[in-house]
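# Summary of the model geometry
Here's the letter readout for the chains.
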Amino acid sequence: MAKSEMIEGVEARLMAGAIRALAMDAVEKAKSGHPGMPMGMADAATVLFSRFLKFDASNPRWPDRDRFVLSAGHGSMLLYALLYLTGYEDMTLEEIKRFRQLGSKTPGHPEYGHAEGVETTTGPLGQGLANAVGMAMAEAHLSARFGADIVDHRTWVIAGDGCLMEGVSQEAIALAGRQKLNKLIVIWDDNSISIDGAISLSDATDQKARFEASGWRVLACDGHDYADIAKALTAATKSDRPVLIACKTTIGYGAPNKAGTAKAHGEPLGAEELAAAKAAIGWSGAPFEIPAGVLAAWRQIGARGGDARDAWQGRLMQSPQRREFETAIAGDVEAAIAALGMHAAKVATEKPALATRASSGAAIESMFAAAPELFGGSADLTGSNNTLVKGAADFTPENRAGRYVRYGIREHGMAAAMNGMALHGGVIPYGGTFLTFSDYSRPAIRLGALMGIRVIHVMTHDSIGLGEDGPTHQPVEHLAALRAIPNLHMFRPADAVEAAECWQAALLRNDGPSVLALSRQATPALRGDASENLSIKGAYELLPAEGGASRVALFATGTEVALAVKARELLQAQGVPTRVVSAPCFELFEQQSDAYQDEVCGDDEEVKIGVEAAIGQGWFEAFGLDVFIGVSGFGVSAPAKDAYAHFGITAEAVAEAARDLLDT
């Protein structure tokens, strides 16, 4: 970078040097971390933040700010240094010094919610890039809804070679290219190094050609030339397509012995190399010490967006859509909850015998008009997932106001993009696929749970009940696997009333994602009263024992609740008082009081049997079962009724198991 380049009256090399110095010092103090990426990308980040990024450090949640995503999350000190230098209040120098320490705001990889200015949790490579696609989609949709005076910002990404190697990147960039998201700009840290060494050891992909083939505009720049970087960023802002900027850098820039090598990637430089690197970039002073003039210049950059934010606030106050916009950004679901309540009352009276995927579709239909924030889609399974409302328009480059996304066969990209939408705010994303394909989207679901964001995953064909497609498509371990993710609510409704209630519960939580597991096959109506949302308790007694104290308690979810009801009828006819508990959400049940859980689970005198067309992991712990009736291996290709009989998941088998236990 030429020394003549100036930013706020300070040499650009010193502005970038502050980032490099803080990154080197923090990693060295922690004896852990990744200094190379921040050192290599400091120049590009300096240009971006000083000349292009629209933000106000004093108001980190300004809805019309540009979003900056560090997809290469291992280089977290780049972001933390920028947040401190530009004046984000909670990113203090003390937090920089506590890099990677327990309870700090500077964890090893950026974590959403730990510090203002961290737009998403990154670290698993490619996820940030895919999140950014969702952010850009949310911006485009909200701009169409509220106008460019209220919503008009860009999404910027710094991604590394690893982000582009991960499979989710192809799903994400293909989706972005199809949608022509021209306000999405990805700056690729093209340093040709990974942990193992040169990228050429493992990859020969022409990344520029790949992005071009996916509908992106591709630019290139010298990542250590201020003017060349600025030229590329300027051109990117004028594109009619998403943009990749191949920013050629040297990892560990300035380190005389480790720059350009894998040694600069994931370990401290060491005292000697650190001192030599600082000398090479013209940096002097004690560790963590930033010259007053340099810090003041950075703080000016952080404050510069204040005027733009004030002007935006004035436009919002004058807008006839102000209240509607504020409701959308707040994520208010009151109207949707009310609409679902009326729908639940309706189906409680009508008692339709439907597949729960159809019941879910009817629930979406009932609230879609009342909740314009709902933003749906499917991974090429629209007709199967029942996620499209009649008359709803597709979100396309020609119609950004559309509220339905055709994601294509990209489950992982869809889930990650929905995370980005939820993080952006203003929309409530839901998307459909088959439950067995949750394996594809699981990494993004896990990160959504880690971040505590509201995303609703509609997953149909939830058991061996899907029938003839066979074991490749029949989920057996997936319910347990999803229940194992902390802070994820796994709903499996039993009928139309429960489907509406589970939708209510999923919408009401604003601290984590939900999965709705829904059946392909029809199931009887079980609830004739929707005056209270019982599903939100996680489990409840659907039918009491008759003719004396309960001797058998049957616990079930989804379509197996109807099976348990039939087994109860058989046992009651034989003089065995039996009750049925529907358990649509284990996680919500665990949150209830001990007294309520004890009441639902019953005493030790009862025989307790769990029924679910899946593996039994988690069931015994949740309800204190004596026996579980389900599936212990993979499914079979057969009509649903035959598959259930093959595995012994029948009312007769449940009743027989109860009698056997009573006789022992």
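Presented here is a report on the structure given in the accompanying data block. (Residues numbered from 1 in each chain as written. Predicted model: local features only at pLDDT ≥ 70, side-chain atom pairs only at ≥ 80, totals over all residues. Heavy atoms only, no water.)

A few words on the pattern of salt bridges. Across all of its chains, the model carries 31 salt bridges by this definition. A salt bridge links arginine 65 to glutamate 119; the shortest N-O distance between them is 2.8 Å. Residue arginine 65 is found in the loop between α2 (36-52) and β3 (67-70), and its partner glutamate 119 is found in the loop between α4 (93-97) and α5 (127-146); the two are separated by 54 residues along the sequence. The exposure classification of arginine 65 matches that of glutamate 119, with both residues buried. The partner of arginine 492 in a salt bridge is glutamate 560, and the shortest N-O contact between them spans 2.5 Å. On the criterion of sequence distance, the pair formed by arginine 492 in the loop between β15 (489-491) and α20 (496-508) and glutamate 560 in helix α21 (residues 560-573) is long-range, its members being 68 residues apart. Both residues of the pair, arginine 492 and glutamate 560, count as buried. (Salt bridge = Lys/Arg side-chain N within 4 Å of Asp/Glu carboxyl O. Helix = DSSP H or I, 4+ residues; strand = E, 2+ residues; numbered from the N terminus. Buried < 20%, exposed > 50% of the residue type's maximum accessible area, 1.4 Å probe, protein only.)

To continue, consider the sheet that holds strand β18 (residues 540-543). Read across the open sheet, the 5 strands follow the order β18-β20-β19-β21-β22; overall the sheet is mixed. Only two strands of the sheet have a single neighbouring strand rather than two, namely β18 and β22 (627-629). Sheet twist, expressed as the average angle between the axes of neighbouring strands with direction ignored, equals 30°. Judged from the 5 bridges that link them, strand β19 (residues 552-556) and strand β20 (residues 578-582) form a sheet pairing that is parallel. Bridge pairing in β20 links alanine 556 to serine 582. Strand contacts of helix α23 (residues 594-601): β18, β19, β20 and β21 (607-611), with the helix running at about 130° to β20, the strand carrying the most contacts. (Pairing = 2+ DSSP bridges. Axes fitted to C-alpha atoms, helices over the stretch in contact; angles between N-to-C directions. Contact = heavy atoms within 4.5 Å.)

Take the packing of aromatic side chains next. Taken as a whole and judged by the stated rule, the model has 20 aromatic pairs. A ring pair is formed by phenylalanine 55 and tyrosine 88, whose centres lie 6.3 Å apart and whose planes are at 0°; its orientation type is stacked. Of the two residues, phenylalanine 55 sits in the loop between α2 and β3 while tyrosine 88 sits in the loop between α3 (76-86) and α4, which places them 33 residues apart along the sequence. The class for phenylalanine 55 is buried, based on a relative accessible area of 4%. Taking relative accessible area as the criterion, tyrosine 88 reaches 8% and is therefore assigned buried. Here arginine 299 stacks its cationic end above the ring of tyrosine 84, 5.1 Å away from the centre of that ring. One cation-aromatic arrangement involves arginine 403 over phenylalanine 368; the distance from NZ or CZ to the ring centre is 3.6 Å. (Phe/Tyr/Trp six-rings, centres within 6.5 Å; stacked < 30°, edge-to-face > 60°. Lys NZ or Arg CZ within 6 Å of the ring centre and 35° of its normal.)

All right, on to the pairing of strand β13 (residues 428-434) then. Side chains on a regular strand alternate between the two faces of the sheet. In terms of burial, β13 is largely enclosed, as 7 of its 7 residues are buried. Pairing analysis gives 3 bridges linking strand β11 (residues 374-378) to β13, with the strands arranged parallel. What sits directly across from phenylalanine 375, in β13, is proline 429. Of the pairings in the sheet, the one linking β13 to strand β14 (residues 456-460) comprises 5 bridges and is parallel in character.

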